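# Reading the structure
Letter by letter, the chains look like this.
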Amino acid sequence: MSKQPIGIFDSGVGGTSIWKEIRTLLPNENTIYLADSKNAPYGAKTKNEIIELSIKNTEYLLQKGCKIIVVACNTATTNAISILREKYDVPFIGIEPAIKPAALQTQTKAIGILATKGTLSSALFHETLDLYSNGIKIIEQVGEGIVPLVETGMLNTTTMRSLLKPYLKPMLEANIDYLVLGCTHYPYLIPQLLDLLPKHVKIIDSGAAVAKQTKTILKQYSLLNNDIKKPTNAFYINIKNTEVMQSLLGNRFKVEYLNF
Ligand code: DGL
């Protein structure tokens with residue numbers, strides 16, 4: 001069982017930012033990544049739609065024999081992970097906006113959170129917020145329109161910068177010193193965000209924490225792959241344009257179209 005792959009899914013190409021963290025921390029592991037780009041963005045969908053899509057992605061990865069599933073999508077995690085955990089026996093790792101470290105470290109007592117509508121309106125997000133927001137000003141912002149631009153490879157463009165600027169404005173007016181990236185597509189925008197933010201604002205995302213948690217759970221279940229043979233990393237996307245995902249991963253890894 002330990003040689004079986006880690007299954008990772010996202011609404012699209014963004015979760016590859018999480019895959020990269022997993023690969024860095026767990027280089028021996030075989031992985032399968034599923035990008036449901038045909039249905040992106042998940043952020044504007046209803047909770048039921050997000051649950052249905054998350055079940056469909058999970059079933060595909062389980063059919064492929066995955067030993068653990070990483071939900072590399074904040075929107076799917078905050079809306080569907082409890083259902084997935086109830087329904088299937090494999091362990092699930094999810095990702096949520098890193099409110100806790102930002103709230104514990106802020107000096108200005110103001111933090112910004114950029115995430116999808118689906119994440120910001122979820123009960124799980126509000127539970128975490130209630131735990132850590134005491135005495136701290138939280139500026140939430142829906143990143144409307146960002147995911148489609150990342151999906152089409154429009155990272156370093158004036159369109160992207162014009163979209164981001166008004167999202168950051170109320171945060172800067174509130175004097176935030178931490179910006180929490182609550183969507184796995186957003187780490188690809190860190191260079192653009194750093195250009196738009198004053199130097200003292202730090203950006204936090206949860207990618208490294210997710211990789212660490214994946215390792216902890218694999219260890220706990222005795223599922224770590226100790227085989228030193230070259231691991232296989234498979235990437236599937238359900239739109240015919242594989243180029244954007246390919247460019248995010250570089251040429252060492254092959255992205256394949258799969259009709260799922
Ligand atoms: N990567 C997904 C997330 O972390 C994007 C959601 C979407 O497709 O809107 O929330």
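See the structure shown above.
One structure accompanies this document, and this report is about it. It should be emphasised that the depicted structure is a prediction, and the values quoted were computed from it without experimental measurement. Numbering of residues begins from 1 in every chain and follows the order in which that chain's sequence is written. In keeping with the predicted nature of the model, local features appear solely for residues at pLDDT of at least 70, side-chain atom pairs appear and are counted solely at 80 or more, and the whole-chain, interface and lining totals rest on all residues. Values reported for side chains reflect all heavy atoms of the structure, with hydrogen atoms and water molecules removed beforehand.

### Focus on the environment of Phe253
The condition is simple: The numbering of helices and of strands both runs from the N terminus, where a helix is a DSSP run of H or I of at least 4 residues and a strand a run of E of at least 2. Note on definitions: a residue-residue contact is assigned when non-hydrogen atoms from the two residues lie within 4.5 Å.
Position of Phe253 relative to the elements: it lies in the loop between helix H11 (243-249) and strand E10 (255-257). It is 30 Å that separates the C-alpha atoms of Phe253 and Asn79, two residues lying 174 residues apart in sequence. Setting aside chain neighbours within four positions, we find Phe253 in contact with Trp19, Arg23, Asn233, Phe235 and Gln246.

### A look at the site of the ligand
Heads up, the condition is: The near set for a molecule or strand comprises every residue that places at least one heavy atom within 4 Å of it. Two N or O atoms form a polar contact when they lie within 3.5 Å of each other; inside protein one atom must be a possible hydrogen donor and the other a possible acceptor, and for residues adjacent in sequence the pair counts only when both atoms belong to side chains. Surface exposure here means Shrake-Rupley accessible area, sampled with a 1.4 Å probe, where a residue is shielded only by the protein chains that are shown. Buried and open spaces are told apart on a 1 Å grid over the protein atoms alone, a cavity being a set of points where a 1.4 Å probe fits but cannot get out and a pocket being an open set with protein on both sides within 12 Å along at least five of seven lines. Residues with an atom within 4 Å of a point are the lining residues. A molecule is counted as occupying a cavity or pocket when more than half of its atoms fall within 2 Å of that pocket's grid points. Note on residue categories: nonpolar means Ala, Val, Leu, Ile, Met, Phe, Trp, Tyr, Cys or Pro, charged means Asp, Glu, Lys or Arg, and polar means any other residue, Gly included.
Around the ligand, the surrounding shell holds 13 residues, and the nearest of these are Ser11, Tyr42, Gly43, Thr75 and Thr184. Between the ligand and the protein, one listed contact pairs a nitrogen atom with a side-chain N or O atom of His185 at 2.8 Å. Protein chains bury 99% of the 300 Å² of accessible surface belonging to the ligand in isolation. Because more than half of its atoms lie within 2 Å of the grid, the ligand is assigned to the largest cavity. Residue composition of the shell around the ligand, grouped by class: five nonpolar, seven polar and one charged.

### Regarding the packing of helix H1 (residues 16-25) against helix H10 (residues 207-220)
So the rule is basically this: A fitted line through C-alpha atoms represents every axis, and for helices the fit uses only the stretch in contact; the resulting angles, taken between N-to-C directions, go from 0 to 180 degrees. Here the word oblique covers every angle except those under 35 degrees (roughly parallel), over 145 (roughly antiparallel) and from 65 to 115 (roughly perpendicular). By convention the crossing between two helices is left-handed if the near helix lies anticlockwise of the far one by an angle smaller than a right angle, and right-handed if it lies clockwise.
Where H1 contacts H10, the axes come no closer than 8 Å and their chain directions differ by 50 degrees. One element, H1, and the other, H10, form an angle in the oblique class. Crossing angle aside, the handedness with which H1 passes H10 is right-handed. Taken together, the residues of H10 that come into contact with H1 (itself represented by Ile18, Glu21, Ile22 and Leu25) are Gly207, Ala208, Val210, Ala211, Lys212, Thr214 and Lys215. Grouping the constituent residues of the contact of H1 with H10 by class yields six nonpolar, two polar and three charged.

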